[in-house]
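Residue strings, one per chain:
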Amino acid sequence: MDILIHPTYFPSISHYVAMAKADSITLEMEDNFQKQTNRNRMYIFSPNGLQLLNIPVKHLKDSYQKSKDIQLETEFDWQKQHFKSLEAAYRSSPFFEFFEDIIIPVFEKEYKFLMDVNLDTMDIISKCIGIKTKFLETSEFHKDTELVDFRNLAAGKKDTTQIALYTQVFGEKHGFLNNLSVLDLLFNEGRYSLEYLKSQNI
């Protein structure tokens, strides 16, 4: 299938289920930014349970901004905080150390735009998992599309996709947490992640 999907920050597992099954992947580049979505946030499994990691962004008053024009709020060192949170959550997972050096550039590189962060994270994760489908990009916004439309998967908690259980680091303490950032799957399942993604329904 040929899909249309939003670039988001270390996307949810449901994002990658769609991508793993796709023949072509087109990224929505021309949408208006929406708050309270996964465009600038991800959810991980911390020692205390569900944890939200949010990238602070600059908002202009009384105007719509395209997602690709959203700039980061640089006064807050979100990169350092996010990586520390990932370490606390996944240092003891089976594959964190294997992928650590691959993802760490996201937390060291200087970014101006949110979209650049999102594109980098999606590219890195695709390489880690083994998704070789190249990304296409939209040049204008269309509410309706002939592509299979998965843009709703950026809606954060409104994405109700249910995925199969896999072993999570703190699962015995808190129970299974559904559809977290794909990092949770990658650090726990490693090279088996692609096989898992292809086995899921969406």
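This one's a predicted model, so the numbers in the text were calculated from it and none came from an experiment. (Residues numbered from 1 in each chain as written. Predicted model: local features only at pLDDT ≥ 70, side-chain atom pairs only at ≥ 80, totals over all residues. Heavy atoms only, no water.)

Draft legend 1. Structural detail: the pairing of strand β1 (residues 2-5). With four bridges joining them, β1 and strand β2 (residues 24-27) adopt parallel strand pairing. Following the sheet pairing, Ile3 is matched in β2 by Ile25. As paired strands, β1 and strand β6 (residues 148-149) are joined by two bridges and run parallel to one another. Bridge assignment links Leu4 to a residue of β6, and that residue is Asp149. (Pairing = 2+ DSSP bridges. Helix = DSSP H or I, 4+ residues; strand = E, 2+ residues; numbered from the N terminus.)

Draft legend 2. Fine view of helix α3 (residues 96-103). All of the buried residues in α3 are Phe96, Phe99, Glu100 and Ile103. Along the long axis of α3, the arc covered by the buried residues comes to 130 degrees, so they all point the same way. Residues of α3 that are exposed and point over 90 degrees away from its buried face: Glu97, Phe98 and Asp101. Of the surrounding secondary structure, the elements contacted by the buried residues of α3 are α2 (78-90), α4 (114-129) and α6 (182-189). (Buried < 20%, exposed > 50% of the residue type's maximum accessible area, 1.4 Å probe, protein only. Arc of directions from axis to C-beta. Contact = heavy atoms within 4.5 Å.)

Draft legend 3. Up close: the environment of His142. Along the chain, the position of His142 falls in the loop between β5 (135-137) and β6. Separated by 11 residues in sequence, His142 and Ile131 place their C-alpha atoms 26 Å apart.

Draft legend 4. Broad picture of the sheet that holds β6. In space, the four strands of this open sheet follow the order β5-β2-β1-β6, with parallel pairing throughout. Either end of the sheet is taken by a strand with one partner, and the two such strands are β5 and β6. Running at roughly 155 degrees to β1, helix α1 (residues 13-20) makes contact with β1, β2 and β5 of the sheet. Contacting β2 and β5, α4 runs over the sheet at an angle of about 155 degrees to β5. (Axes fitted to C-alpha atoms, helices over the stretch in contact; angles between N-to-C directions.)

Draft legend 5. Geometry of the environment of Leu60. When you line up the elements, Leu60 lands in the loop between β4 (49-54) and α2. A sequence separation of 10 residues divides Leu60 from Ile70, and the C-alpha atoms of the two residues are 9.3 Å apart.

Draft legend 6. Broad picture of the pattern of salt bridges. Scanning the model with the defined rule gives 10 salt bridges in all. Note that Asp149 is salt-bridged to Arg151, the shortest N-O span being 2.8 Å. Asp149 gets classed as partly exposed once you look at its relative accessible area, which sits at 34%. Among the charged side chains, a network of salt bridges with common partners joins Glu87, Arg91, Glu97 and Glu100. (Salt bridge = Lys/Arg side-chain N within 4 Å of Asp/Glu carboxyl O.)

Draft legend 7. Layout of the confidence of the model for the chain. Looking at the chain, pLDDT values average 95 and 100% of them are 70 or higher. Per-element confidence in the chain is highest for α6, whose mean pLDDT is 98, and lowest for helix α5 (residues 171-174), whose mean pLDDT is 94. (pLDDT = per-residue confidence, 0-100.)

Draft legend 8. A look at the nonpolar core. Counting 60 residues, the largest nonpolar core has Ile5, Tyr16, Leu86, Ile129, Leu183 and Leu197 as the members making the most contacts within it. Here this core gets nine residues from one element, more than from any other, and that element is α4. When sequence neighbours within four positions are dropped, the list of residues in contact with Ile5 reads His15, Ala18, Met19, Ile25, Thr26, Leu27, Glu28, Phe150, Arg151 and Leu153. (Core = buried A, V, L, I, M, F, W, Y, C linked by side-chain atoms within 4.5 Å.)

Draft legend 9. Just the side chain of Gln79, in detail. In this structure, Gln79 sits in helix α2. A polar contact is formed between the side chain of Gln79 and the backbone oxygen of Val106, at a distance of 3.0 Å. A polar contact of 2.7 Å, which involves the side chain of Gln79, links it to the backbone oxygen of Lys109. Apart from the residues lying within four places of it in its own chain, the contact partners of Gln79 are Val106, Phe107, Glu108, Lys109 and Tyr111. (Polar contact = N/O pair within 3.5 Å; in protein donor to acceptor, adjacent residues only side chain to side chain.)

Draft legend 10. Layout of α2. When the terminal C-alpha atoms of α2 are compared, their 18 Å separation across 13 residues agrees well with the 18 Å that a helix rising 1.5 Å per residue should span. For α2, the complete set of buried residues consists of Trp78, Gln79, His82, Phe83, Ser85, Leu86, Ala89 and Tyr90. Here the buried residues of α2 occupy an arc of 160 degrees about the axis, which is enough to place them on one side. Considering only its buried residues, α2 is in contact with β3 (41-46), β4, α3, α4 and α6. (Expected span 1.5 Å × (residues − 1).)

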